[in-house]
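# Architecture at a glance
What follows is each chain in one-letter form.
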Amino acid sequence: MKNNDIILSTEDLTKDFAGFVAVNGVDLQVKRGTIHALIGPNGAGKTTCFNLLTKFLSPSRGRILFKGEDITALQPADVARLGLVRSFQISAVFPHMSVLENVRIALQRQRGGSFDFWRSASTLNEFNDRALELIADVGLSSFADWVAVELPYGRKRALEIATTLALDPEMLLLDEPTAGMGHEDIDRIAQLIKRVAADRTVLMVEHNLSVVSDLSDTITVLTRGRVLAEGNYETVSTNPDVREAYMGV
Ligand code: ADP
């Protein structure tokens, strides 16, 4: 599904916290079907940008367009319903339920709105089958019966991604998906993001530059709330301004 149309864009996106401008006139264009990384030093405005895109914060100025629709004034749940979903946003993981139960509940909420004890057995079986498919997609088949709280950290993040995928998003926002992980988990999550992105768009904030270089089609570098550079890893990593501001060399 790699084509060049823009699924998400911002125009002059700005967030002013009582005089401190955390995001300052950002124009972002994310192409459908790509993996797009947002990087930059601490305090650059990455998290604020994510909060603006999912409408957890309202911008002071500017517009956000998703699939051509102006979503600037929408509520977070409406943005999610349109298909722009942040991992760990709505899909809270219930710590004392199993992996299978967690994914099944996420699917039931997506399809049915609320819980319904009176669903037919065949509908429940359908949820079960789909949940097992999603669990397999994120590499958790052998953990399906595990209680979420007992999962190793990297597997827990995979479960969070599975419950997010249950919402069937067209575009996924991933907030530091490999934070706090060891090599093995990082490799596993990176492979998972590649698979997830095969038929979706992914925008991620990520600190690990080898993950960024391995996964990203496009990288936007933010510093002090502004876009400093944009392009593929080669372009961005050889940009002298980026090296100075971001990598400190
Ligand atoms: P990053 O995610 O790139 O580290 P953030 O978006 O978290 O950056 O923060 C950007 C800047 O905005 C920081 O200087 C931070 O202190 C400031 N900031 C973030 N949220 C608030 C807030 N609610 N009120 C005031 N300042 C904030």
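Residues numbered from 1 in each chain as written. Predicted model: local features only at pLDDT ≥ 70, side-chain atom pairs only at ≥ 80, totals over all residues.

### A short note on the site of the ligand
Looking at the ligand, the residues that line it are Phe17, Phe20, Ala22, Gly40, Asn42, Gly43, Ala44, Gly45, Lys46, Thr47 and Thr48. No other element matches the three residues that helix α1 (residues 46-53) contributes to the shell around the ligand. Looking at side-chain class alone, the shell around the ligand contains four nonpolar, six polar and one charged residues. (Near = placed C-beta within 6 Å. Helix = DSSP H or I, 4+ residues; strand = E, 2+ residues; numbered from the N terminus. Nonpolar A, V, L, I, M, F, W, Y, C, P; charged D, E, K, R; others polar.)

### Notes on the environment of His96
Secondary-structure assignment places His96 in the loop between β6 (84-86) and α3 (99-112). Given 10 C-beta atoms within 10 Å, His96 falls into the exposed group. Along the backbone, His96 and Arg157 are 61 residues apart, and their C-alpha atoms lie at a distance of 16 Å. For His96, the residues in contact, after removing those within four places along its chain, are Val147 and Val149. (Buried ≥ 20, exposed ≤ 12 C-beta atoms within 10 Å, placed from the backbone. Contact = placed C-beta atoms within 7 Å.)

### Quick notes on α1
Counting buried residues along α1, six of its eight residues qualify, which places the element largely inside the surrounding structure. Two residues or fewer after α1 comes Lys55, characterised by a positive phi angle close to 70°.

### Observations regarding the pairing of strand β9 (residues 218-223)
The buried fraction of β9 amounts to five of the six residues, a majority that puts the element mostly inside the structure. Strand direction decides the pairing type here: strand β3 (residues 35-39) and β9, joined by four bridges, are parallel. When the sheet's bridge partners are listed, Ile39 is paired in β9 with Val221. As defined by bridge partners, β9 adjoins strand β10 (residues 226-231) across five bridges and the pair is classed as antiparallel. Looking at the pairing, Ile219 lines up with Gly231 of β10. The turn joining β9 and β10, which pair antiparallel and follow one another in sequence, is formed by two residues; a positive phi near 45° is taken by Arg224. (Pairing = 2+ DSSP bridges.)

### Structural notes on the sheet that holds strand β5 (residues 69-70)
An order of β2-β1-β4-β5 is seen for the four strands of this open sheet, with the pairing classed as antiparallel. Every interior strand has two partners, whereas the edge strands, β2 (20-31) and β5, have only one. As paired strands, strand β4 (residues 61-66) and β5 are joined by two bridges and run antiparallel to one another. Bridging from a neighbouring strand, Phe66 pairs with Glu69 of β5. Running at roughly 65° to β2, α1 makes contact with β1 (6-17), β2 and β4 of the sheet. (Axes fitted to C-alpha atoms, helices over the stretch in contact; angles between N-to-C directions.)

### Examining the pairing of strand β7 (residues 171-175)
Within β7, four of the five residues are buried, which leaves the element mostly enclosed by the surrounding structure. This β-α-β element, β7 to helix α6 (residues 183-196) to strand β8 (residues 201-205), shows right-handed connectivity. (Right-handed = clockwise from strand over helix to strand, strands pointing away.)

Remember, this is a structural readout, not a statement about activity or role.
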